[in-house]
Amino acid sequence: MKRLEQRLWIFLLPLFLLSCPATFAQVPFERIVNADKEPGNWLTYSRDLQGHRFSPLTEINTQNVSQIKVKWAFQFPDDRTEVSPIVIDSVLYITGPNSAAALDGRTGRALWTCRRPIPSDYHSIGFGHTNRGPAVLDDKLFVATLDGHLLALDLKSGAERWSAEVLDYKLGYSMTMAPLAIDGKVVVGVSGGEAGIRGFIDAYDAKTGAQAWRFWTIPGPNEPGHETWSGDAWKTGSGATWVTGAYDPELKLVYWGVGNPGPDWNGDVRPGDNLYTCSFVALDAATGKLRWYFQFSPHDTHDWDATHVPMLSTRKLAAQSANSAPSRTETLFTTCSTAARENSSRASPMPSKPGPRVSTPKAAPFLRRIMSLPKKEISSGPT
Amino acid sequence: MPEAWYLSQEEIASVAAYVRRLGNVVPEVLPGDPARGKAIYARNGCSACHILDGEGSGYGPELTDAGARRGSARLRETLQNPTKTIPEKFLFVEAATPSGQTIRGIRLNEDSFTIQLKDQQGRFYSFRKSELRDLKKLRGETPMPPYGSVLSPADLDDLIHFLASQRGKP
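It should be emphasised that the depicted structure is a prediction, and the values quoted were computed from it without experimental measurement. Residue positions are given per chain, counted from 1 along the sequence in the order it is written. Throughout, the order in which chains and ligands are written sets their labels, letters from A for the former and numbers from 1 for the latter. Where totals are concerned, whole chains, interfaces and linings use all residues; where local detail is concerned, this predicted model gives features only for residues with pLDDT of at least 70, and gives and counts side-chain atom pairs only at 80 or more. Each side-chain value is worked out from all heavy atoms of the structure, with water and hydrogens disregarded.

Take the interface of chain A and chain B next. Throughout, a residue-residue contact means that at least one pair of heavy atoms, one from each residue, lies within 4.5 Å. In this complex, chain A contributes 28 residues to the contact, which on the side of chain B involves 35 residues. Here the quantity called buried area is the accessible surface, traced with a 1.4 Å probe, that two parts lose on coming together, added over both. Across the interface of chain A and chain B, roughly 2,800 Å² is buried in total on both sides, 55% from carbon and sulfur atoms. We define a salt bridge as a side-chain nitrogen of Lys or Arg found within 4 Å of a carboxyl oxygen belonging to Asp or Glu. For the pair chain A and chain B, the number of links is three salt bridges. For Asp111 of chain B, the salt bridge goes to Arg109 of chain A, with nearest N and O atoms at 3.0 Å.

Here it is in structure tokens:
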């Protein structure tokens, strides 16, 4: 009887394993690229890689928004969160400080939760304990923690698949932003602009957690732009990257905003333009190399972070009707990367002080139009 | 809670180490070869339902710290007869939907009005109980098959040694 039972299980086991396959890729990159085809889902921080943050859904509108009532509530035990949920087929993936959860969209019930203890010697300097959301790619959810870890969690169970140590929180660094998942990589930025850090943007292999590249937002010795700093000010010159960027899958460029120089209100200890603080940078997604930048506020002394969400759009700049440049840099900045590339042969020379400057001529046609705006609009302060 | 002013730093560290160890299984001297056990784990497709060190599927419990949570006797019993060691809150259910579909899965949540499941493919389901044609709670059942009659005693020792050595991430 035992032998018969043994044979039966040997026969049944492969059938069972076939019925319990390895986790399939729930959100391949192509799904994120084509996010517009899924109006009921929200697959990346800004809903699409271009940073539009626009939902085409119309059920809630200006006529009925005042009638919205609470259907359910879910709260992390922490004091606050500023999350943009990832929504996949009626499941909401949210984050809090060092925590994450998958919620049933219908009831708000937790399908799984995950929490990483915040070290007792961790301190947020210049901001509170918060988190702005996760990213998703294939079968993993990516979460940045206050104490500097990038976690890859199993989308279906919340189990940790890998953890990468991005930074040392004891040096003033932290992470609050939502990671940006691009083709095969996860890009993260850092907080700590008031804590004397040297900012950077990192990319990690989405499958293994291995670091793919790092872009320092403050150039080191012998790197272009280092001459815009004096003495050792570059070592603690800040340039945090605390808001999620955008991605152009065609050009394979990562766009990211860079925060204020430090110390922020007093520039006496950091003479120079302080590149690439208060700038907008375009990075090669494969290498992290700087392709071009635009500095809104050279030698900023007003905390004019440029950490807004970049919004990408494609249009022909040569057209007479093109007049889409927003007037307030702290609110919105639109870059026409494709058009800029195509029109690079019409490049204009680099502008001189005191206006914003461009590193390479590739973005010049669009930026030239920005710079032709009345100066008072270019230099508008934060709201 | 009173302040432990009367303890030295060394004594505080010792108490903390003791408390942190509570609930963790003390490592045992076991028969079998954990390296062979790792191969047996892979060969028998355990990763089709379990995550271990970040690899596998998250349908069943994660096994990255299985050895810290379970002693070898418990691991052996689970492998030989999984229905005997079903955790207290685990429940396998079968839901018949209004459209005639039958969903079998692990219960993730249940209240008076709704229930949420995860099936073997890792898909989530949320049902209003009043809308279901039937909801069977399969108490005493588990999707995990018994391996006692599939593996030889030596293979079982190897696999148990391998699982017992999984103490979690440092």
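With that settled, the discussion passes to the confidence of the model for chain B. pLDDT expresses, on a scale from 0 to 100, how confident the predictor is about each individual residue. In this model, chain B carries an average pLDDT of 93, and 100% of its residues clear a pLDDT of 70 or more. Reported for the predicted complex are a pTM of 0.83 and an ipTM of 0.84.

We now examine the pattern of salt bridges. What the rule picks out here adds up to 27 salt bridges over all chains. Measuring nitrogen to oxygen at the nearest pair gives 3.3 Å for the salt bridge that ties Arg36 of chain B to Asp155 of chain B. Here the residue Arg36 of chain B occupies a position in helix H2 (residues 34-43), and Asp155 of chain B occupies one in helix H5 (residues 153-164), the gap between them amounting to 119 residues. Look at Asp155 of chain B and you get buried, because its relative accessible area is 15%. Of the charged contacts in the structure, one is a salt bridge between Arg123 of chain B and Asp119 of chain B, with a shortest N-O distance of 3.1 Å. Here the residues in one salt-bridge network are Asp139, Lys140, Asp154 and Arg161 of chain A, joined through shared partners. A run of DSSP states H or I qualifies as a helix once it reaches four residues; a run of E qualifies as a strand once it reaches two. Both are numbered from the N-terminal end. For every residue, the accessible area (1.4 Å probe, protein chains only) is compared with the maximum for its type, and the residue is labelled buried under 20%, exposed over 50%, or partly exposed between those bounds.

For the rest of this paragraph, the subject is helix H4 (residues 72-80) of chain B. Residues and elements named next belong to chain B. Within the span of H4, buried status applies to Ser72, Leu75 and Leu79. Taken down its axis, H4 places every buried residue within 60° of arc, on the same side. Contact partners of the buried residues in H4: H5. In this context, the arc is that of the directions from the helix axis out to the C-beta atoms.

A few words now on the sheet that holds strand S10 (residues 185-189) of chain A. Residues and elements named next belong to chain A. Pairing in this open sheet of four strands is antiparallel, and the strands run S9-S10-S11-S12 from one edge to the other. Edge positions in the sheet fall to strand S9 (180-181) and strand S12 (211-216), since each of these pairs with one other strand and no more. Examined bridge by bridge, S9 and S10 share two bridges and lie antiparallel to one another. Residue pairing for S10: Leu180 is matched across the bridge by Val187. At least two DSSP bridges between two strands are needed for those strands to be called paired.

The next thing to look at is the sheet that holds strand S4 (residues 102-110) of chain B. All names here are of chain B. Pairing within the open sheet is antiparallel, and its five strands lie in the order S6-S5-S4-S3-S7. The two strands at the open ends of the sheet, each matched to only one other strand, are strand S6 (124-128) and strand S7 (134-137). Each neighbouring strand pair of the sheet contributes to a mean axis angle of 40°, computed without reference to strand direction. Axis angles are defined between N-to-C directions and span 0 to 180 degrees, where every axis is a line fitted to C-alpha atoms and, for a helix, only to the segment in contact.

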